[in-house]
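Observations on chain architecture
Read off the chains here:
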Amino acid sequence: MNPESNTTVENIVQTTDNSKTADGFVKSRIENGCYVNAFNPEFKMPSFPTVLRWMFGAPNNTNLPRNTEELNNALPIIKHQPNEIVTNSSGLRFIWIGHASCFVQMDDFTFLTDPVFSDRCGITPFIGPKRYRPPALTVDELPDKLEAVVISHSHFDHLDYPSVVSLNRRYGNKLTWFCGQGLKKWFLDCHIENVVELDWWEEWTHPTKNHIKIAYCPAQHWSRRTAFDLNKSLWGGYAIWNNKYKFYFAGDTGYTHKIPIFEQIGKKYGPFDLSAIPIGAYDPRWMMEGQHVAPDESVQMHVDTQSKKSVGIHWGTWALANENYLEPRSKLIEAVRNKNLDADSFIVLKHGEILDLP
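These figures come from a predicted structure and were not determined experimentally.

This part is about unusual backbone geometry. Note the cis peptide between Gly270 and Pro271, where omega equals -5°. Mapped onto the fold, Pro271 is located in the loop between α6 (261-269) and β13 (274-278). For the peptide bond that leads from Asp283 to Pro284, omega is 5°, which places it in the cis range. Tracing the backbone through its elements, the reader meets Pro284 in the loop between β13 and α7 (285-288). With phi around 65°, His191 is a residue other than glycine that occupies positive phi space. Along the polypeptide, His191 turns up in the loop between α5 (184-189) and β8 (195-198). Since its relative accessible area comes to 60%, His191 is described here as exposed. A positive phi is found at Trp201, a non-glycine position, where the angle reads about 75°. Position of Trp201 among the secondary structure elements: in the loop between β8 and β9 (203-205).

What follows is the structure, encoded as structure tokens:
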């Protein structure tokens, strides 16, 4: 059964202590049956008139080339054979598949972040933004050794039904799926049973490799897949670590100055050896500011989370906002320079490019 046709969501139970964790960090909170950005009471969803103004009144500056050769030169795709993806060496390996989809190998632990392999990100294969860059890896090209998938939230550019079905068909219960509270039933409706549902700051320990841990971290965003499930599931990022390396996947987020959630993430789980931080889909700011960071805010996240090295994601795949399709890259370089950081501390990769941290 396609869960998009099933609007029933799990009953959400609010805990007694819904303010802060024992170490003083803001916990998730439910108001009127919906999750909220508890750390920023001023956060508001864009109003319907604002959305209409963006859709029909804001200038579209994406300037996507119609020429495939120009796109190939600007954003090349690096392809690999399946036996080249996993390394036998100890270390931290990262491959940017596209948008927020990444392959990560942390020593002997391999996982994906927000895997979307479809041509469009929408409620059906025929509705929604169309890719202008294909995924650097397909499901069939992934290695046989794959243990986990972490899902940041329910939006279609991060959680794709055909991709989930394809991964489940290939790997079955070999994969452990991670998601925020309220989203587990969606996976069960996809006939996926090995699902771990987490709250902000909740941690999971690998059952056989107890040196591997995963924690769900706060983000400023929202969730929706149907007309009836607005903010019925939680959104966030992930801290993933073993006894040698720490990795942070920010998912999809805006930046808030109300409560320093990214400093809290860095304090609790950092410093991170590598972080994947969004840098795109930010223009115009009056529409996107609350939900998507701009590159200067991405760099501040890099600093806040105590990241030794970061890679920019959430760009170069779908035109989800109005900035020039290459602007996130140039704006990131400028923001790193303005912050007086090492130019190599926060970078972008080509689609499919392998980054190894020994």
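Sheet architecture is open: seven strands sit in the order β9-β10-β11-β12-β13-β14-β15, paired in mixed fashion. What marks the edges here is a single partner per strand, and that holds for β9 and β15 (346-347). When strand β14 (residues 310-313) meets β15, the two strands line up parallel, connected through two bridges. Following the sheet pairing, Ser310 is matched in β15 by Phe346. Sheet contacts for helix α8 (residues 295-304): β12 (246-249), β13, β14 and β15; angle to β13, the most-contacted strand, approximately 155°.

Those residues carrying the UniProt feature "binding site: Zn(2+) 1" (unreviewed entry) are His153, His155, His221 and Asp252 in this numbering. A stretch of 100 residues holds the annotated residues, and the largest C-alpha distance among them is 10.3 Å, short enough that they meet in one place. As for the annotated residues, the ones lining the largest pocket are His155, His221 and Asp252. With respect to the helices and strands, His221 occurs in the loop between β10 (213-217) and β11 (237-241). Every residue in contact with His221, bar those within four places of it in the chain, is listed here: Asn37, Phe43, His153, His155, Trp235, Asp252, Thr253, Gln291 and His292. For Asp252, the location among the structural elements is in the loop between β12 and α6. A distance of 3.1 Å separates polar atoms of two side chains, one belonging to Asp252 and the other to His158.

Alignment of β11 against β12, held across four bridges, turns out to be antiparallel. Directly across from Tyr238, in β12, lies its bridge partner Phe249. Hairpin connection of β11 to β12: four residues between the antiparallel strands. After leaving β12, the chain enters α6 and then returns to the sheet as β13, a path that is right-handed.

A separate point is the nonpolar core. Core analysis: the largest hydrophobic core is formed by 69 residues, its most contacted members being Phe94, Phe178, Tyr238, Ile240 and Phe247. One finds Ile85, Ile95, Leu175 and Cys190 within the second-largest nonpolar core, a separate group that totals 26 residues.

Okay, the environment of Gly57 next. Relative to the helices and strands, Gly57 resides in helix α1 (residues 48-57). Distance in space between the C-alpha atoms of Gly57 and Gln181 is 36 Å, their sequence separation being 124 residues.

A contiguous nonpolar patch, built from Phe48, Leu52, Met55 and Phe56 and spanning about 480 Å² of accessible area, is present on the exposed surface. Note on placement: Phe48 falls in helix α1.

Moving on to the state of the cysteines. Scanning the model with the defined rule gives zero disulfides in all. Of all cysteine sulfurs, the one in Cys102 lies closest to Cys121, which takes part in no disulfide; the gap is 15 Å. The class for Cys121 is buried, based on a relative accessible area of 6%.

Cut-offs applied
- Residues numbered from 1 in each chain as written.
- Predicted model: local features only at pLDDT ≥ 70, side-chain atom pairs only at ≥ 80, totals over all residues.
- Heavy atoms only, no water.
- Helix = DSSP H or I, 4+ residues; strand = E, 2+ residues; numbered from the N terminus.
- Buried < 20%, exposed > 50% of the residue type's maximum accessible area, 1.4 Å probe, protein only.
- Pairing = 2+ DSSP bridges.
- Contact = heavy atoms within 4.5 Å.
- Axes fitted to C-alpha atoms, helices over the stretch in contact; angles between N-to-C directions.
- UniProt positions renumbered as here; feature names shortened; annotations may be inferred.
- 1 Å grid on protein atoms, 1.4 Å probe; cavity = no way out; pocket = protein on both sides within 12 Å on 5 of 7 lines; lining within 4 Å.
- Polar contact = N/O pair within 3.5 Å; in protein donor to acceptor, adjacent residues only side chain to side chain.
- Right-handed = clockwise from strand over helix to strand, strands pointing away.
- Core = buried A, V, L, I, M, F, W, Y, C linked by side-chain atoms within 4.5 Å.
- Patch = residues over 30% accessible without salt bridge, like charges linked within 9 Å, V, L, I, M, F, W, Y side chains within 5 Å.
- Areas by Shrake-Rupley, 256 points an atom, 1.4 Å probe, with all protein chains shown as cover.
- Salt bridge = Lys/Arg side-chain N within 4 Å of Asp/Glu carboxyl O.
- Disulfide = S-S within 2.5 Å.

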